[in-house]
Amino acid sequence: QVQVVESGGGSVQAGGSLRISCAASGYISSAYCMAWFRQAPGKEREGVAVTDSDGTTSYSDSVKGRFTISQDNAKNTLYLQMNSLKPEDTAMYYCAATNYGSRLSQGERVQCSRLQAATFRYWGQGTQVTVSS
């Protein structure tokens, strides 16, 4: 089992920055991927950014160049640095994780990069990010 807990959400004006965190605990295998998703009211959950145990990252087109996903392995913490925030970034942001074996296969790496919710087994409760114009 893996537990993930998000923190750091809040309110910010358009053009501002915010960093949210995800603390992971429990069994994390050598091969894994972790991601950020978001969901705005009335909209479907959207994949934002993903990283894997090899350090490969991938972003949705809507945040590319503005958001950066990173991880601190020593602290088992995932971060999402969000810059140049827009009102349309307003959403509940969720951390998600899934374990693989001892080493990522190419197929698993590709699967992670597709940022599909079905890939991820473990989910946090979310942290709200609100961007005002």
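Conventions adopted
- Residues numbered from 1 in each chain as written.
- Predicted model: local features only at pLDDT ≥ 70, side-chain atom pairs only at ≥ 80, totals over all residues.
- Heavy atoms only, no water.
- 1 Å grid on protein atoms, 1.4 Å probe; cavity = no way out; pocket = protein on both sides within 12 Å on 5 of 7 lines; lining within 4 Å.
- Points joined across faces, edges and corners; volume = space filled by probe spheres on them.
- Helix = DSSP H or I, 4+ residues; strand = E, 2+ residues; numbered from the N terminus.
- Nonpolar A, V, L, I, M, F, W, Y, C, P; charged D, E, K, R; others polar.
- Salt bridge = Lys/Arg side-chain N within 4 Å of Asp/Glu carboxyl O.
- Buried < 20%, exposed > 50% of the residue type's maximum accessible area, 1.4 Å probe, protein only.
- Phe/Tyr/Trp six-rings, centres within 6.5 Å; stacked < 30°, edge-to-face > 60°.
- Lys NZ or Arg CZ within 6 Å of the ring centre and 35° of its normal.

Details of empty space enclosed by the protein
For the structure on display, the rule yields 1 cavity of 30 Å³ or more. If you trace the largest cavity, you find it lined by V2, A24, I28, Y32, M34, A97, T98, N99 and Y122. Here the element with the most residues in the lining of the largest cavity is strand β9 (residues 91–99); it accounts for 3 residues. Tallied by class, residues from the lining of the largest cavity come to 7 nonpolar, 2 polar and no charged.

Thoughts on the pattern of salt bridges
Scanning the entire structure with this criterion turns up 6 salt bridges. Its salt-bridge partner being D89, residue R66 comes within 2.8 Å of it at the nearest N-O pair. One end of the pair, R66, is in the loop between β6 (57–59) and β7 (67–72); the other, D89, is in the loop between β8 (77–82) and β9, and 23 residues separate them in sequence. Comparing R66 with D89 shows no difference in burial state: the two are buried. Each of the salt bridges in this network shares a partner with another, and the network as a whole consists of R38, E46, R66 and D89.

Thoughts on the packing of aromatic side chains
Counting across every chain of the model gives 3 aromatic pairs. With 5.5 Å between their ring centres and 75° between their planes, F37 and F120 make a pair best called edge-to-face. Of this pair, F37 sits in strand β4 (residues 32–39) while F120 sits in the loop between α1 (106–113) and β10 (122–123), and the two are 83 residues apart along the sequence. Their ring planes at 75° and their centres at 6.5 Å tell us that F120 and W123 sit as a pair that is edge-to-face. Overall, the relative accessible area of 5% leaves F120 in the buried class. Grouped by ring-pair contacts, the aromatic residues F37, F120 and W123 constitute a single cluster. Sitting over the face of the ring of Y94, R45 holds its NZ or CZ atom 4.0 Å from the ring centroid. When the ring centre of W123 is taken as reference, the NZ or CZ atom of R45 above it lies at 4.8 Å.

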